Amino acid sequence: MSFKTAVCQMLVSHSKSDNISKAKSMIEEAVSQGAELIIMPEMFNCPYENTSFPDFAESYPDGETVKFLAQTAKENKIYLVGGSVPESAETESGRQIFNTSFFFDPQGQLIVRHRKVHLFDIDIEGGISFRESDTLGRGDQITVAGTKWCDIGLAICYDMRFPELMRAMVLKGAKMILIPAAFNTTTGPAHWEITLKTRAVDNQTFVIAASPARNLEAAYHAYGHSLIVDPWGEILAEAGTGEEIIYASIDLELVDRVRRQLPLLRHRRTDLYRLEVNSQPMAQK
Ligand SMILES: O=C(O)CCC(=O)C(=O)O
């Protein structure tokens, strides 16, 4: 059984309402092309800057962006991964902001939410410095969503660099991994494609990464190059750096075929090594 997926590589501005309008028109365009699973980029409603996260943060279910996502999924009868947004939530340690991806089903119901578990705190000489932990809290769940096609893992950007997280999703049944992301012009050229292809080949899954378009007027220059990779490591679609929608037809039979012919998951030597998972994947709502 195959279905069409789309990634909306949108240009993010400093206006939340403009970002939502832009998302709406790109999603409608993708729907008109037959896409049934649509993925938006990391922080698609908000500039990727620590100074903006608190101002743009909103709560589920009453926030403007999450309401828009639920309604859009329902109106268009699609599965919709709302990239990520700054989510404000009450926690045991007080109010916190998370980098959160909300995933809605075609009835507009939230299937899962993933709060980015690995915060992007890095300092690259001659390149980029960023400390998400200055404003963001970190999630503590491995997120796998049940859909009508298959189980789907959900992670955000820097999370993709941790093979254990991806493998944990796959051991829980994921045949696809969706990654709203915003690499940059330092780490993007070096690591984006190779990391996504490697995660796909190691785990024999589809891997789909959605980046914002590069906005040279913004403080953070996203890499772009949204990518759809199949379980054999073939690139099915790749964006440039500007605003565009990329599409691919997903044939899940390919996951089974590749795993049958090259049985990596079965050949693991769990008598020698084993992945210990402390968190239960949970449909957090
Ligand atoms: O891992 C990287 O190089 C980029 C990560 C990033 O930009 C993010 O997590 O938002």
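Keep in mind that what you see is a predicted model, and the values were worked out from it rather than measured.

Further remarks concern the sheet that holds strand 9 (residues 143–146). Here we have 6 strands laid out as an open sheet, ordered 9-10-11-12-13-14, and mixed in their pairing. The sheet terminates laterally at strand 9 and strand 14 (235–238), the two strands that pair on one side only. Geometrically, the sheet is characterised by an average inter-axis angle of 15° between neighbouring strands, direction not taken into account. Where strand 10 (residues 151–154) lies against strand 11 (residues 174–180), 4 bridges are found, and the strand directions are parallel. Each bridged residue has a counterpart across the sheet, and for I152 the counterpart in strand 11 is M176. Along the sheet face, helix 6 (residues 253–261) touches strand 11 and strand 12 (206–210) and points at about 115° away from the line of strand 11.

Moving on to the packing of helix 1 (residues 16–32) against helix 3 (residues 64–76). Their axes nearest at 11 Å, the elements helix 1 and helix 3 cross at an angle of 15°. On the basis of the axis angle, helix 1 is roughly parallel to helix 3. Judged by the twist between their axes, the crossing of helix 1 over helix 3 is right-handed. Two secondary-structure elements touch here, helix 1 through K16, S17, I20, A23, K24, I27 and V31 and helix 3 through E64, T65, F68, T72 and N76. Each residue belonging to the contact of helix 1 with helix 3 can be placed in one class, and the counts come to 5 nonpolar, 4 polar and 3 charged.

So, about the packing of aromatic side chains. Counting across every chain of the model gives 13 aromatic pairs. Between Y79 and W149 the ring centres are 4.9 Å apart and the planes differ by 50°, which places this aromatic pair in the tilted class. Here Y79 is found in strand 3 (residues 79–81), whereas its partner W149 is found in the loop between strand 9 and strand 10, with 70 residues between them in sequence. Here Y79 and W149 have matching classes, each one buried. A cation sits over an aromatic face here: K4 above Y247, 5.0 Å from the ring centre. When the ring centre of F98 is taken as origin, the NZ or CZ atom of R115, which lies over that ring, is 4.2 Å away.

This part is about the UniProt feature "domain: CN hydrolase" (unreviewed entry) in the protein chain. Under the UniProt annotation, "domain: CN hydrolase" (unreviewed entry) lies at residues 3–252. The span residues 3–252 is 24% helix and 31% strand, and its two end C-alpha atoms sit 9 Å from each other.

The residue Y158 is located in the loop between strand 10 and helix 4 (163–171) in this model. Linking Y158 and P180, residues 22 residues apart in sequence, is a C-alpha distance of 9.9 Å. In this structure, Y158 is in contact with K116, H118, L119, F120 and I122, ignoring residues within four places of it in sequence.

Below, the discussion takes up the pairing of strand 14. Where strand 13 (residues 227–229) meets strand 14, 3 bridges bridge the pair, whose relative direction is antiparallel. Within strand 14, the residue paired with L227 across the bridge is E238. Two successive antiparallel strands, strand 13 and strand 14, enclose a turn made up of 5 residues, where G233 displays a positive phi of approximately 90°.

Let us look at helix 3. Counted at 1.5 Å a residue, the expected span for helix 3 with its 13 residues is 18 Å, and the 18 Å between its end C-alpha atoms agrees. Of all the positions in helix 3, only T65, V66, F68, L69, A70, T72 and A73 are classed as buried. Where helix 3 is buried, its residues contact helix 1, strand 3, strand 4 (85–91) and strand 5 (94–104). Downstream of helix 3 by a residue or two, K77 has a phi angle that is positive, lying close to 50°.

Attention now moves to the nonpolar core. Counting residues in hydrophobic clusters, the biggest one holds 29 residues, and the most contacted among them are L37, F103, M176, L178 and L252. L37 has contacts with F3, K4, T5, A6, Y79, V81, F103, W149, M176 and L178, leaving out every residue within four places of it along the chain.

The next thing to look at is the site of the ligand. Surveying the vicinity of the ligand reveals the residues E42, Y48, K116, F120, C157, Y158, R161, A182, F183, T187 and Y220. Separating an oxygen atom of the ligand from a side-chain N or O atom of K116 is a distance of 2.6 Å. Taking T187, its side chain carries an N or O atom lying 2.7 Å from an oxygen atom of the ligand. Of the residues belonging to the shell around the ligand, the class tally is 7 nonpolar, 1 polar and 3 charged.

Now for unusual backbone geometry. The peptide bond linking Y60 to P61 adopts the cis configuration, its omega dihedral lying at 10°. Relative to the assigned elements, P61 resides in the loop between helix 2 (53–56) and helix 3.

What counts, and at which threshold
- Residues numbered from 1 in each chain as written.
- Predicted model: local features only at pLDDT ≥ 70, side-chain atom pairs only at ≥ 80, totals over all residues.
- Heavy atoms only, no water.
- Pairing = 2+ DSSP bridges.
- Helix = DSSP H or I, 4+ residues; strand = E, 2+ residues; numbered from the N terminus.
- Axes fitted to C-alpha atoms, helices over the stretch in contact; angles between N-to-C directions.
- Contact = heavy atoms within 4.5 Å.
- Parallel < 35°, antiparallel > 145°, perpendicular 65-115°, else oblique.
- Left-handed = near helix turned anticlockwise from the far one by under 90°.
- Nonpolar A, V, L, I, M, F, W, Y, C, P; charged D, E, K, R; others polar.
- Phe/Tyr/Trp six-rings, centres within 6.5 Å; stacked < 30°, edge-to-face > 60°.
- Buried < 20%, exposed > 50% of the residue type's maximum accessible area, 1.4 Å probe, protein only.
- Lys NZ or Arg CZ within 6 Å of the ring centre and 35° of its normal.
- UniProt positions renumbered as here; feature names shortened; annotations may be inferred.
- Expected span 1.5 Å × (residues − 1).
- Core = buried A, V, L, I, M, F, W, Y, C linked by side-chain atoms within 4.5 Å.
- Near = heavy atom within 4 Å.
- Polar contact = N/O pair within 3.5 Å; in protein donor to acceptor, adjacent residues only side chain to side chain.

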